[in-house]
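Listed below are the residues making up each chain.
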Amino acid sequence: MSTAGKVIRCKAAVLWKPGTPLDIEEIEVAPPKAKEVRVKMVASGICGTDIKSLDSKELAQFCPIIMGHEGTGIVESVGEGVSTVKTGDKVIILCLPQCGECNTCLNSKNNICKEARLSGSHQTSEGNSRITCKGKTVYQFITTGTFSEYIVIKEISVAKIDEGALLEKVCIIGCGFATGFGAALNSAKVTPGSTCAVFGLGGVGLSVIIGCKAAGAAKIIAVDINKDKFAKAKTVGATECIDPRDFEKPIQTVLFDMMNGGADFCFEVTGNPETVAPALASCHKDHGVCVIVGSIGSWVQINLSSELFFSGRTVKGSVLGGWKTKDEIPKLVSDCMTKKFNLDPLITHTLSLDKVNEAIQLMKNGQCIRCVLLP
């Protein structure tokens, strides 16, 4: 029996108040309107940004809200004017949209579509939402809200992928993997034979290492205070792993010495503002490039010594790995299918949607790299 044109009642993980656990609630998902797509979710990865945002007081004005922004599914129905996907297509959710028309989309040097600026409102359409719960409008985190059995999103925030793609695996390409892998290949442009240092060994940090290795880096030093992650880092390409607490010297001094004057490329992937300066200082003073990958709150001030800039160092940001999402994320899925890279080491847990709070705690405790939720 077709559900097209009808309201769908289903389950979702809803945050009613920052700092509280997610509640599994019954929601009502209205049909898509013009240029919108309704997707039956199949898999959703849990990203560190989701976890950080759960306690953010800034999110209070957008509650109730469905969390999650990294997922895959199957198109259930489409609104008027939708041309890039159709009912039955396997799709990946794009937490960074690509309208293809704004100045950024038409500029090869950037990937932050103007429509992404609307994601701060957590609504698929300005001033509107297609989802309700207990009579209240429900927002969708970063306009996606993938911790749900069904969602409605803009056409520019979804892309068709290969029919043979394993949705429960490639879902993490939608954010975590693409962010780290692209930071190495697109943002830093790691060169063959170079030296790299990666601060933070979560799913994104490990994806940076995979990217550095794919680019031909000769030495990749992984830095983390959780030694339980070292074996996994070496599995994906790290040549050496170090814990800053094992040294009396500052970590930048240690890396500076280990890499004969500093690393060619450094990546800050912890999201800790206190790590930015050491990461930049760990770069080679004449030509080192430091890429800030970790999600740092927009309200946070970062202190950097002017001495760090009396050199040839470069510091730059990277958003979702620099990929033009609608054009390039599906290609990453295809590359995964042809085994150009392996996602298996990154996915350590798979749980049902109703276990979402358990999954979040596993990640908070450092026991999990990436957990995939299945509705």
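Higher on the page you've got the structure.
As the structure is a prediction and not an experimental result, all values here were calculated from the model. (Residues numbered from 1 in each chain as written. Predicted model: local features only at pLDDT ≥ 70, side-chain atom pairs only at ≥ 80, totals over all residues. Heavy atoms only, no water.)

**Topic: the pattern of salt bridges**
For the coordinates displayed, the defined rule picks out 14 salt bridges. Each of the salt bridges in this network shares a partner with another, and the network as a whole consists of K86, D89 and K160. (Salt bridge = Lys/Arg side-chain N within 4 Å of Asp/Glu carboxyl O.)

**Considerations on the sheet that holds strand β15 (residues 265-268)**
With respect to topology, six strands assemble into an open sheet ordered β14-β13-β12-β15-β16-β17, the strand pairing being parallel. This sheet does not close on itself; its edge strands, each paired only once, are β14 (240-242) and β17 (314-317). Strand-to-strand twist in this sheet, taken as the mean axis angle between neighbours without regard to direction, amounts to 20 degrees. Inspection of the sheet shows β15 paired to strand β16 (residues 289-292) by four bridges, in the parallel sense. Across the sheet, C266 pairs through a bridge with C290, a residue of β16. (Pairing = 2+ DSSP bridges. Helix = DSSP H or I, 4+ residues; strand = E, 2+ residues; numbered from the N terminus. Axes fitted to C-alpha atoms, helices over the stretch in contact; angles between N-to-C directions.)

**Re the packing of helix α3 (residues 176-188) against helix α4 (residues 203-214)**
As a packed pair, α3 and α4 sit with axes 7 Å apart at the nearest point and diverge in direction by 40 degrees. Here α3 lies oblique to α4, going by the angle between them. For α3 against α4, the interelement crossing comes out right-handed. In contact with G176, F177, T179, G180, F181, A183, A184 and L185 of α3, α4 contributes V204, S207, V208, I210, G211, C212 and A214. Its residues placed into classes, the contact of α3 with α4 shows ten nonpolar, five polar and no charged. (Parallel < 35°, antiparallel > 145°, perpendicular 65-115°, else oblique. Left-handed = near helix turned anticlockwise from the far one by under 90°. Contact = heavy atoms within 4.5 Å. Nonpolar A, V, L, I, M, F, W, Y, C, P; charged D, E, K, R; others polar.)

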